[in-house]
Amino acid sequence: EALEQLSLKYLHAPIGHTGIMEFFFKTYLEETRENGKSFEAWVREDYDPEKLARDFKPSALGEFIVDVILRRE
């Protein structure tokens, strides 16, 4: 449900740094695909914000659009 709301329909630009929100939920889904761990348990037990930040790679074009043109953080 959260991923559905991270769309242009709700004015979310999944490019640049703002794309980390979508990456966060996709990481959860990928890491729990086989074990079915709940979201809350994953956040408490497995979520590593530093690793997520290291693994997320926004595109330079996306950063330019979000930071310069749209002036979003």
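Participant: Is there a simple way to think about the side chain of T27 in this case?
Facilitator: Relative to the elements of secondary structure, T27 occurs in helix α2 (residues 20–31). Residue T27 is classed as buried on the basis of its relative accessible area, which comes to 15%. Beyond its immediate sequence surroundings of up to four residues, T27 is in contact with W42 and L52.

Participant: How should the environment of Y47 be read in this particular structure?
Facilitator: Inspection of the secondary structure assignment puts Y47 in the loop between α3 (39–45) and α4 (49–55). Beyond its immediate chain neighbours, meaning those up to four positions away, Y47 contacts F24, W42 and L52.

Participant: Please clarify how a nonpolar patch on the surface should be interpreted in this entry.
Facilitator: On the surface, L61, F64, V68, I69 and L70 cluster together into a nonpolar patch covering about 480 Å² of accessible area. Following the sequence through the fold, L70 ends up in the segment after α5 (60–69). Judged by its relative accessible area of 38%, L70 is partly exposed.

Participant: Please explain the packing of aromatic side chains as it appears in this structure.
Facilitator: Aromatic rings considered in pairs are described by the distance between their centres and by the relative angle of their planes. A full pass over the atoms with the stated rule returns ten aromatic pairs. Look at F24 and F25: their rings are 5.0 Å apart centre to centre, the planes differ by 75 degrees, and that puts the pair in the edge-to-face class. Using a relative accessible area of 13% as the deciding quantity, one classes F24 as buried. Residue F25 is classed as partly exposed on the basis of its relative accessible area, which comes to 23%. Taken together, the ring pairs in this structure connect F24, F25, Y28, F39, W42 and Y47 into an aromatic cluster.

Definitions and limits used
- Residues numbered from 1 in each chain as written.
- Predicted model: local features only at pLDDT ≥ 70, side-chain atom pairs only at ≥ 80, totals over all residues.
- Heavy atoms only, no water.
- Helix = DSSP H or I, 4+ residues; strand = E, 2+ residues; numbered from the N terminus.
- Buried < 20%, exposed > 50% of the residue type's maximum accessible area, 1.4 Å probe, protein only.
- Contact = heavy atoms within 4.5 Å.
- Patch = residues over 30% accessible without salt bridge, like charges linked within 9 Å, V, L, I, M, F, W, Y side chains within 5 Å.
- Areas by Shrake-Rupley, 256 points an atom, 1.4 Å probe, with all protein chains shown as cover.
- Salt bridge = Lys/Arg side-chain N within 4 Å of Asp/Glu carboxyl O.
- Phe/Tyr/Trp six-rings, centres within 6.5 Å; stacked < 30°, edge-to-face > 60°.

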